[in-house]
Amino acid sequence: MSRDDNLTMGDLTGRDRAFYGLVWAGTTLTARVDQALIRGHDLPLSWFEVMLWLRAQPKPVAPSSLGARTLLSRSQVSRVVDALQARGLVERVPSPTDARSVGIALTPQGHEAFAEADATRRRALAEVFDDRLDDADVEALNGVWAKLKKPSA
């Protein structure tokens, strides 16, 4: 079977093209970053995402809060935290107010690993994102994301 470079999606509305463009961009950029992080740090994007949320927190975070903020399910968060803890990148800290609860925090090694991985993420996106978008494009995208993130009325 030969490769057909003339494939089209046919007649789509502008809104449909925008939606499928968003899906394409998210999938393509996510795969690019995931591959770079795995290749450079043996750190899947899902692990990086958990570290991203943890790195800015002044105190340990409840696992349920991570589940609510990340794109991961509760069980996925648990598995990611287990894997990160096994590598010494996060620690489980007993709650000072509830003996049954723990918080999750980056270790000093985790902060260092995050910074290195984030530099890799930036390099992976430079050519296909940063170099192609000017400040007005980025501002427009941030406006779109803000609208799409608003809860439905």
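The paragraphs below set out a description of the structure included in this document. Not measured: the values here are computed from a predicted model.

## A word on the packing of helix 2 (residues 45–55) against helix 4 (residues 74–86)
Okay, step 1: Interaxial distance between helix 2 and helix 4 falls to 10 Å at its minimum, and their mutual angle equals 85°. Between helix 2 and helix 4, the interaxial angle falls into the category roughly perpendicular. In this structure, helix 2 contributes Ser46, Trp47, Val50 and Met51 to the contact, and helix 4 contributes Val80, Ala83 and Leu84.
Okay, step 2: Broken down by class, the residue content of the contact of helix 2 with helix 4 amounts to 6 nonpolar, 1 polar and no charged.

## Regarding the packing of aromatic side chains
Okay, step 1: Counted according to the given criterion, the structure contains 2 aromatic pairs.
Okay, step 2: When the ring of Phe19 is compared with that of Tyr20, the centres are 5.1 Å apart and the planes differ by 70°; the resulting orientation is edge-to-face.
Okay, step 3: Looking at Phe19, the relative accessible area reads 46%, which means it is partly exposed.
Okay, step 4: Taking the relative accessible area as the measure of exposure, Tyr20 reaches 40% and is therefore partly exposed.

## Looking at the pattern of salt bridges
Okay, step 1: Considering all chains together, one arrives at 3 salt bridges under this definition.
Okay, step 2: In this structure, Arg92 and Asp82 form a salt bridge, with 2.7 Å as the shortest nitrogen-oxygen distance. Taken together, the residues span a long stretch of sequence, with Arg92 in strand 1 (residues 90–94) and Asp82 in helix 4 at a distance of 10 residues.
Okay, step 3: A relative accessible area of 39% places Asp82 in the partly exposed class.

## Considering helix 5 (residues 108–130)
Okay, step 1: Considering bend angle alone, the principal kink of helix 5 is centred on Ala124 and spans about 35°.
Okay, step 2: Where helix 5 is buried, its residues meet helix 1 (14–41), helix 2 and strand 2 (102–106).

## As for the side chain of Thr70
Okay, step 1: Here Thr70 is to be found in the loop between helix 3 (63–69) and helix 4.
Okay, step 2: Judged by its relative accessible area of 7%, Thr70 is buried.
Okay, step 3: At 3.2 Å, the side chain of Thr70 and the backbone nitrogen of Leu72 are in polar contact.
Okay, step 4: Leave out the neighbours within four places in its chain, and Thr70 touches Glu49, Val50, Trp53 and Val77.

## Focus: the nonpolar core
Okay, step 1: Leu43, Val50, Met51, Leu54, Leu66, Leu84 and Val90 are the most contacted members of the largest nonpolar core, which totals 24 residues.
Okay, step 2: Leaving out residues up to four positions away in the same chain, Val90 has contacts with Leu54, Val81, Leu84, Gln85, Ile104, Ala105, Leu106 and Thr107.

## Quick look at helix 2
Okay, step 1: Listed in full, the buried residues belonging to helix 2 are Trp47, Phe48, Glu49, Val50, Met51 and Leu54.
Okay, step 2: Where helix 2 is buried, its residues contact helix 1, helix 3, helix 4, strand 1, strand 2 and helix 5.

Reading guide: rules and limits
- Residues numbered from 1 in each chain as written.
- Predicted model: local features only at pLDDT ≥ 70, side-chain atom pairs only at ≥ 80, totals over all residues.
- Heavy atoms only, no water.
- Axes fitted to C-alpha atoms, helices over the stretch in contact; angles between N-to-C directions.
- Helix = DSSP H or I, 4+ residues; strand = E, 2+ residues; numbered from the N terminus.
- Parallel < 35°, antiparallel > 145°, perpendicular 65-115°, else oblique.
- Contact = heavy atoms within 4.5 Å.
- Nonpolar A, V, L, I, M, F, W, Y, C, P; charged D, E, K, R; others polar.
- Phe/Tyr/Trp six-rings, centres within 6.5 Å; stacked < 30°, edge-to-face > 60°.
- Buried < 20%, exposed > 50% of the residue type's maximum accessible area, 1.4 Å probe, protein only.
- Salt bridge = Lys/Arg side-chain N within 4 Å of Asp/Glu carboxyl O.
- Bend = angle between axes of the 7 residues up to and from the residue.
- Polar contact = N/O pair within 3.5 Å; in protein donor to acceptor, adjacent residues only side chain to side chain.
- Core = buried A, V, L, I, M, F, W, Y, C linked by side-chain atoms within 4.5 Å.

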